[in-house]
Amino acid sequence: RKGSVIAAISAVDIALWDVAGKFHGLPIHKLLGGAFRTRVQPYATGFYRISGQGEAARLAEEALRHHDAGFSLMKVKLGYGVDDDIACMQAIGKAIQGKPIRLMIDTNHAYGRAEALRLGRALAGFDLRWYEEPVAPEDLQGYVELRQKLPMPIAGGENEHTLYGFRDLLAAGCVDVAQPDIGSCGGITAARHIVALAQAHGVQVNPHVWGSAIAQAASLQLIAAVPVAHHSLFAQEPVLEYDRSSHPFRQQLITRPIGLIDGWVPIPAGPGLGVEVDRAVLEHYRA
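This is a predicted model, so every value here is computed, not measured. (Residues numbered from 1 in each chain as written. Predicted model: local features only at pLDDT ≥ 70, side-chain atom pairs only at ≥ 80, totals over all residues. Heavy atoms only, no water.)

Despite not being glycine, Glu133 shows a phi value in the positive range, around 45 degrees. Within the secondary structure, Glu133 is located in the loop between strand 5 (131-132) and helix 6 (140-149). Residue Glu133 is classed as buried on the basis of its relative accessible area, which comes to 1%. The backbone of Thr162 sits at a positive phi, close to 65 degrees, despite the residue not being glycine. One can find Thr162 in helix 7 (residues 162-171). With relative accessibility at 13%, the residue Thr162 sits in the buried group. (Helix = DSSP H or I, 4+ residues; strand = E, 2+ residues; numbered from the N terminus. Buried < 20%, exposed > 50% of the residue type's maximum accessible area, 1.4 Å probe, protein only.)

If you want it as C-alpha cells, here you go:
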C-alpha cells in the first residue's frame, strides 16, 4: 500500500479525473465541489547544491533572483550538515534583509532527531513558514517530539501514501502542515479524502509537487478546492510549490506553461486539468 505501485495508481487516477472533466466540460476543481480561490501564491523551490557545502554566497544570490522573478515565498533545501545549513541561512537572511520575503526550509529527512532539533532551534529567529521533513517519514514519534519542542510549524507527508498512511500521521499529531503529493499519495481521489481527514484534525493541507507540468496542474486543481483548516477572517491560504530548476517536462510539456501573473498563479479554468500536452515534446523525448 505504499511506494511506486501507489504512484502508478496516482497517475491513472489523475488521468481519469482529467477525462471526467473533459467529458463534462468542467475543471476538476468544480467536480471536487467548487473553488475556494481562483489564484494561488507560489513559493520558489530551489537552492540545490552543486558541491554540497560552502555554497552560502551562491545561494544568497539565488534568493535575490527568485525575488526579482516575483517570488516573496521561498523554500530552501538544507540537509548538508547543520553548521553549513546555518551558514547558508545566515547568508540568505542577510541578502534578503528588508525585503518582503518569507522562507521555509526542507531537509528531506537528512537528520536524526538531535540534529534536526539543533537546526530548528538555531533557525528559530527566521520566522519560518514551516520546517519540512525534519526526520525520516517513518519516525512518527520524532515528528511529534520536534513539533513539541520547536517554535515553527512542522510539515511533512510527501513520502506518505493513501488515506491510511495519513490517518496514522495525523492521529499521532505529527504535523502542522500535511503535504500529500498527488502524484504518489493515490491521486486526486486519495487527496480529497486526505484533505477531509486533515481538516477534521485541524491540520492545514499544502500539497507537495515536484516534477512535470501535469503534476503542477493537478496540484492547482486540488488547491483550488482545499478548504482552510482553521476558520477565521484572515486564514492562512495554501500555496503552490514552484520548482525553479531547469526541467523540460515542466517548462515545455504543455502548450501554455504555468507561470506567474503579478506574483500569483491563476487556477486553470479549462476542462479537466485545464492544460493540454504538447505531443511534439513527448516525441522529442521518447526513448
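This next bit is on the pattern of salt bridges. Applying the stated rule across the entire model yields 21 salt bridges. In this structure, Glu237 engages Arg37 in a salt bridge whose closest nitrogen and oxygen atoms are separated by 2.6 Å. Separated by 200 residues along the polypeptide, Glu237 in the loop between helix 9 (213-225) and strand 9 (240-243) and Arg37 in the loop between helix 2 (28-31) and strand 1 (39-40) bring together distant segments of the chain. On the basis of relative accessibility, which here comes to 36%, the residue Glu237 falls in the partly exposed class. With its nearest N and O atoms 3.4 Å apart, the salt bridge here joins Asp85 to Arg49. Within this pair, whereas Asp85 is found in helix 4 (residues 82-95), its partner Arg49 is found in the loop between strand 2 (42-46) and helix 3 (56-68), the two being separated by 36 residues in sequence. An identical accessibility class is assigned to Asp85 and Arg49; each is buried. Bridged by salt links that share partners, the residues Lys75, Lys77, Asp106, Glu132 and Glu241 form one connected network. (Salt bridge = Lys/Arg side-chain N within 4 Å of Asp/Glu carboxyl O.)

So, on to the packing of aromatic side chains. Considering all chains together, one arrives at 3 aromatic pairs under this definition. Both rings, one in Tyr43 and one in Trp130, keep their centres 5.5 Å apart while their planes meet at 90 degrees; by these two values the pair is edge-to-face. With a gap of 87 residues between them, Tyr43 in strand 2 and Trp130 in the loop between helix 5 (113-122) and strand 5 connect regions that are remote in the sequence. According to the relative accessible area criterion, Tyr43 is buried, its value standing at 0%. A relative accessible area of 1% means that Trp130 is categorised as buried. Ring geometry for Phe71 and Tyr242: centres 5.6 Å apart, planes at 55 degrees, overall tilted. Note that Phe71 is positioned in the loop between helix 3 and strand 3 (73-77) and Tyr242 in strand 9, a separation of 171 residues in sequence. This pair shows no difference in class: Phe71 is buried, exactly as Tyr242 is. (Phe/Tyr/Trp six-rings, centres within 6.5 Å; stacked < 30°, edge-to-face > 60°.)

What follows deals with the environment of Gly70. When you line up the elements, Gly70 lands in the loop between helix 3 and strand 3. Look at Gly70 and you get partly exposed, because its relative accessible area is 36%. Taking the C-alpha atoms as reference points, Gly70 and Ala95, 25 residues apart in sequence, are found 16 Å from one another. Not counting chain neighbours up to four residues away, the residues in contact with Gly70 comprise Leu260 and Gly263. (Contact = heavy atoms within 4.5 Å.)

Quick look at the packing of helix 3 against helix 4 now. Taken N-terminus to C-terminus, the directions of helix 3 and helix 4 make an angle of 40 degrees; their axes are 8 Å apart at the nearest point. Between helix 3 and helix 4, the angle falls in the class oblique. Crossing of helix 3 against helix 4: the hand is right-handed. Contacts between helix 3 and helix 4 involve Ala56, Leu59, Ala60, Ala63 and Leu64 from the first element and Ala87, Cys88, Ala91, Ile92 and Ala95 from the second. Looking at the contact of helix 3 with helix 4 residue by residue, the classes come out as 10 nonpolar, no polar and no charged. (Axes fitted to C-alpha atoms, helices over the stretch in contact; angles between N-to-C directions. Parallel < 35°, antiparallel > 145°, perpendicular 65-115°, else oblique. Left-handed = near helix turned anticlockwise from the far one by under 90°. Nonpolar A, V, L, I, M, F, W, Y, C, P; charged D, E, K, R; others polar.)

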